[in-house]
Amino acid sequence: MADEDVVLLDFWPSPFGMRVRIALAEKEIKYEYKEEDLRNKSDLLLKMNPIHKKIPVLIHNGKPVCESLVHVQYIDEIWPHKSPLLPTDPYQRAIARFWGDFVDKKIYGLESRKVWSTKGEEQEAAKKEFIECLKLLEGELGNKAYFGGENLGYVDVVLVPFYSWFYAYEKCGNFSIETECPKLIAWAKRCMEKDSVSKSLPDQDKIYDYVLHLKKVFGIE
Amino acid sequence: MGEEVKLFGYWASPYSYRAELALKLKGVSYEYINEDIFGNKSDLLLKYNPVHKKVPVLLHNGKPIVESLVILEYIEETWKHNPYLPQDPYDKATARFWIKFIDEKCFPTLWLAAWSAENEREKVTNEACEYLKTLESALNGKKFFGGETIGMVDIVASSVGYFIRVTQEIMGINLLSADKFPQLFQWSEDFANCSIVKESLPPRDKLLPFVKGLIAKYQQDNAKA
């Protein structure tokens, strides 16, 4: 496996990109990280993801893979020997995939964005739903150290990048996620003790600055 | 095998249909339970899918699996004969990419094009045509997305190839037409003509009035909004 060519086209605040960074780090795969300027997308990005023109794109030995949930499964299947992310039992895999899909729809989805991009009643409704979804995830975590059990698994990799965005959400929404979901925050901090996670997530202050910049660009108060 | 397999579904749901087709392709015997999703969802459905409260739900030896794509992956991994996903990880990743494209872009936009108001329809229709063009490129001269035989992408694309075609008929629009998208149109014919597909698709004469009613309701709700 020594001469594999792995390139990641990414954008530093993207939680989708962070998932791929964490998965590659867990598998101890060396790769070339290429930062994309989304206002001026590179020819490589447009060639490798012509349909969506989005990051992250994983280029493995010249062949592109797109969509972050697809990436995590692909990385797990190509490099199965270290840090398996999905369990072997089909039913446990189905549970992991279900929660991965839930995270994508409910935490990373358009509705949750309203927590920072709106005000008043709309924002309050978005906050309420956001917290409800986090609580459901807390329920799934239960007393386990990680969603994957003793070690990081698929759901941990899929969800934890969002932790870097929590501070921005709290400031914009004027609430404390830790007060509402202490177990989930404890889980996130536990994940951050791992290099594969802490080195893949940007600093939360930088994310907050980025969100403020987005609000300015979109003319949001 | 003494396996107990049950499927909670709805006869007109394209999502439900995927799960049924997958079980049939694997030759798995199952008990089908039709849920009254527009009226009264059963206690069992709410028990097995408390988060989304939707069909389909697959129950295997008492354990529930939920979300149509999760169900399809589960069926593939549990009953390994007649595989409908490629073995090679890269080809598998490609299949999963197309599945996501169909579910997140193609199908929702086509459905929107069917019932949106006149003034919005053109924009949505143009977008839908772009997606159909892209989807057609995935066929790349093959009979099915899965190659010589039906694969997981074909199973998921049934929502476009059959359900959307029925919807188009009602609305008198012809997006997925033989002259605009010859390869994709041919695929939808070949797919619907497979015996295993034919025997499990909801019949057109029942589906037509049902979708008509659904569209009327969507238009009504949208007019109120």
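Residues numbered from 1 in each chain as written. Chains lettered and ligands numbered in written order. Predicted model: local features only at pLDDT ≥ 70, side-chain atom pairs only at ≥ 80, totals over all residues. Heavy atoms only, no water.

Caption draft 1: Structural context of the UniProt feature "domain: GST C-terminal" (unreviewed entry) in chain A. The UniProt record annotates "domain: GST C-terminal" (unreviewed entry) at residues 89–218 of chain A. Helix makes up 75% of residues 89–218 of chain A and strand 0%, and the two end C-alpha atoms of the span are 45 Å apart. (UniProt positions renumbered as here; feature names shortened; annotations may be inferred. Helix = DSSP H or I, 4+ residues; strand = E, 2+ residues; numbered from the N terminus.)

Caption draft 2: How the structure looks around the pattern of salt bridges. If you walk through the whole model with that rule in mind, you get 29 salt bridges over all chains. Of the charged contacts in the structure, one is a salt bridge between B:Lys100 and A:Glu67, with a shortest N-O distance of 3.0 Å. Remark: A:Glu67 occurs in the loop between strand 4 (63–66) and helix 3 (68–78) and B:Lys100 occurs in helix 4 (residues 89–115); the pair is interchain, linking two chains. B:Lys6 serves as the salt-bridge partner of B:Glu31, at 3.8 Å between the closest nitrogen and oxygen. One end of the pair, B:Glu31, is in strand 2 (residues 31–34); the other, B:Lys6, is in strand 1 (residues 5–9), with 25 residues separating them in the sequence. Given the relative accessible area of 41%, B:Glu31 is considered partly exposed. B:Lys6 sits in the partly exposed class, given a relative accessible area of 21%. Where salt bridges share partners, they join A:Glu77, A:Arg93, A:Arg97, B:Glu73, B:Glu77 and B:Arg96 into one cluster. (Salt bridge = Lys/Arg side-chain N within 4 Å of Asp/Glu carboxyl O. Buried < 20%, exposed > 50% of the residue type's maximum accessible area, 1.4 Å probe, protein only.)

Caption draft 3: Broad picture of the sheet that holds strand 3 (residues 57–60) of chain B. Residues and elements named next belong to chain B. The 4 strands are arranged 2-1-3-4 in an open sheet whose pairing can be described as mixed. Edge strands, defined here as strands with exactly one partner in the open sheet, are strand 2 and strand 4 (63–66). On average, each strand axis in the sheet is tilted by 20° relative to the strand beside it, whichever way the strands run. Sheet strands touched by helix 1 (residues 14–25): strand 1, strand 2 and strand 3. Its angle to strand 1, the strand with the most contacts, is close to 155°. (Pairing = 2+ DSSP bridges. Axes fitted to C-alpha atoms, helices over the stretch in contact; angles between N-to-C directions. Contact = heavy atoms within 4.5 Å.)

Caption draft 4: View of the interface of chain B and chain A. The interface is formed by 23 residues belonging to chain B together with 25 residues belonging to chain A. Taking both sides of the interface into account, the surface hidden between chain B and chain A amounts to around 2300 Å²; carbon and sulfur atoms contribute 69%. On the surface where chain B and chain A come into contact, there are 6 salt bridges. The shortest N-O distance in the salt bridge between B:Glu77 and A:Arg93 comes to 2.9 Å. Of all the secondary-structure elements, those providing two or more residues to the side of chain B that touches chain A are strand 4, helix 3 (68–78) and helix 4 of chain B. No other element matches helix 4 of chain B, which puts 10 residues into the side of chain B that touches chain A. Looking at side-chain class alone, the side of chain B that touches chain A contains 12 nonpolar, 3 polar and 8 charged residues. (Buried area = accessible area lost by both parts, 1.4 Å probe. Nonpolar A, V, L, I, M, F, W, Y, C, P; charged D, E, K, R; others polar.)

Caption draft 5: Up close: the UniProt feature "domain: GST C-terminal" (unreviewed entry) in chain B. With numbering aligned to this structure, UniProt lists the feature "domain: GST C-terminal" (unreviewed entry) at residues 88–210 of chain B. Structurally, residues 88–210 of chain B comprises 75% helix and 0% strand, and the distance from its first C-alpha atom to its last is 40 Å.

Caption draft 6: Structural context of the UniProt feature "domain: GST N-terminal" (unreviewed entry) in chain B. Per the UniProt record, "domain: GST N-terminal" (unreviewed entry) is annotated on residues 3–83 of chain B. Taken end to end, residues 3–83 of chain B is 36% helix and 21% strand, and its two terminal C-alpha atoms sit 19 Å from one another.

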